[in-house]
Amino acid sequence: MSRWRPPAAASTAMITPEGHQRLKAELDELWRVRRPEVVRALAAAAAEGDRSENAEYTYRKKQLGEIDRRVRYLGKRLESLRVVDAHPSDPSAIFFGAWFRVEDEGGAEREYRIVGPDETDAARCWISIDSPLARAALKRRVDDEFEAALPGGTARFVVVDVRYEQP
């Protein structure tokens, strides 16, 4: 039995200015604050003697590897991202960066924001532009109906509101 898995679908390389700033701040904090702390703790653990039975040394080595892996990822990802800070020419339609409110078949309303895959946040209802709901909602206007193939099945929505300023 092999461990082969199909490659993940490429994510859209778009991000909002706020998301870009957050990723840059995370990279800076990892590189300038967290990594030096872990390196100092690793050096102190290594000075304690036998490394083969030193749990602190093993933990710090793994922690340093995780930080370095995230720093490498963020460095490459920030280079490839395109910051989208301009509003679309048609602000009445749903595009990247839009806040939009939809009503489902049961009459319940939810508000979402379309953002890049690196800044999705379920608690804030920020959905990736690559998500099925966002793909189905793109280019829709107020009072447009659309269907989205969600993991729980197909759902119908009506667009209630579209805006590009933060509520």
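Residues numbered from 1 in each chain as written. Predicted model: local features only at pLDDT ≥ 70, side-chain atom pairs only at ≥ 80, totals over all residues. Heavy atoms only, no water.

> I tried to follow the packing of aromatic side chains on my own but got confused; where do I start?
The way to describe two aromatic rings as a pair is by their centre distance and the angle between their planes. Scanning the model with the defined rule gives two aromatic pairs in all. The ring of Trp126 is capped by Arg113, whose NZ or CZ atom sits 4.9 Å from the centre of that ring. (Phe/Tyr/Trp six-rings, centres within 6.5 Å; stacked < 30°, edge-to-face > 60°. Lys NZ or Arg CZ within 6 Å of the ring centre and 35° of its normal.)

> It is not clear to me how the pairing of strand 7 (residues 153-163) should be interpreted in this structure. Could you clarify?
Within a regular strand, the side chains alternate between the two sheet faces. As defined by bridge partners, strand 3 (residues 99-104) adjoins strand 7 across six bridges and the pair is classed as antiparallel. Counterpart to Phe100 in the pairing with strand 7 is Val162. The pairing of strand 6 (residues 145-150) with strand 7 spans six bridges and is antiparallel. Across the sheet, residue Phe146 finds its bridge partner in strand 7, namely Phe157. What sits between strand 6 and strand 7 in their antiparallel hairpin is a turn of two residues. (Pairing = 2+ DSSP bridges. Helix = DSSP H or I, 4+ residues; strand = E, 2+ residues; numbered from the N terminus.)

> Can you walk me through the environment of Arg101 in this structure?
By the secondary structure assignment, Arg101 is in strand 3. Ignoring sequence-local partners within four residues, the contact set of Arg101 consists of Glu109, Arg110, Glu111, Val158, Val159, Val160, Asp161 and Arg163. (Contact = heavy atoms within 4.5 Å.)

> Sorry, what's going on with the nonpolar core here?
General note: in soluble globular proteins, nonpolar side chains tend to be found buried as a group. Counting residues in hydrophobic clusters, the biggest one holds 22 residues, and the most contacted among them are Ile94, Phe100, Ile114 and Phe146. Contributing elements (two or more residues each) for this core: strand 3, strand 4 (109-115), helix 3 (132-137), strand 6 and strand 7. Every residue in contact with Ile94, bar those within four places of it in the chain, is listed here: Phe100, Ile114, Ala137, Leu138, Lys139, Arg140, Val159, Val162 and Tyr164. Residues Ile15, Ala46, Ile67 and Leu74 belong to the second largest nonpolar core, which totals 14 residues. (Core = buried A, V, L, I, M, F, W, Y, C linked by side-chain atoms within 4.5 Å. Buried < 20%, exposed > 50% of the residue type's maximum accessible area, 1.4 Å probe, protein only.)

> Would you take a moment to explain the sheet that holds strand 7 for this structure?
By way of backbone hydrogen bonds, the strands of a sheet pair with one another, either parallel or antiparallel. Taken in spatial order, the five strands line up as 5-4-3-7-6 in an open sheet, and their pairing is mixed. Looking at which strands have only one partner, the edges of the open sheet turn out to be strand 5 (126-128) and strand 6. Strand-to-strand, the axes of this sheet are offset by a mean angle of 45 degrees, without reference to chain direction. Summarising the sheet, strand 3 and strand 4 pair through five bridges and their orientation is antiparallel. Looking at the pairing, Arg101 lines up with Glu111 of strand 4. (Axes fitted to C-alpha atoms, helices over the stretch in contact; angles between N-to-C directions.)

> Any chance you could explain the pattern of salt bridges here in plain terms?
Oppositely charged side chains are able to pair whenever their charged atoms sit close together. Taken as a whole, this structure holds 16 salt bridges when the rule is applied. Close ionic contact of Asp68 with Arg35 constitutes a salt bridge, the shortest N to O distance being 2.6 Å. Residue Asp68 is found in helix 2 (residues 55-80), and its partner Arg35 is found in helix 1 (residues 17-46); the two are separated by 33 residues along the sequence. Across the pair Arg156 and Glu145 runs a salt bridge whose closest N-O atoms are separated by 2.8 Å. With Arg156 in strand 7 and Glu145 in strand 6, the pair connects residues that are 11 residues apart, well separated along the chain. Look at the salt bridges and you will find they share partners, linking Arg101, Glu109, Glu111, Asp161 and Arg163 into a network. (Salt bridge = Lys/Arg side-chain N within 4 Å of Asp/Glu carboxyl O.)

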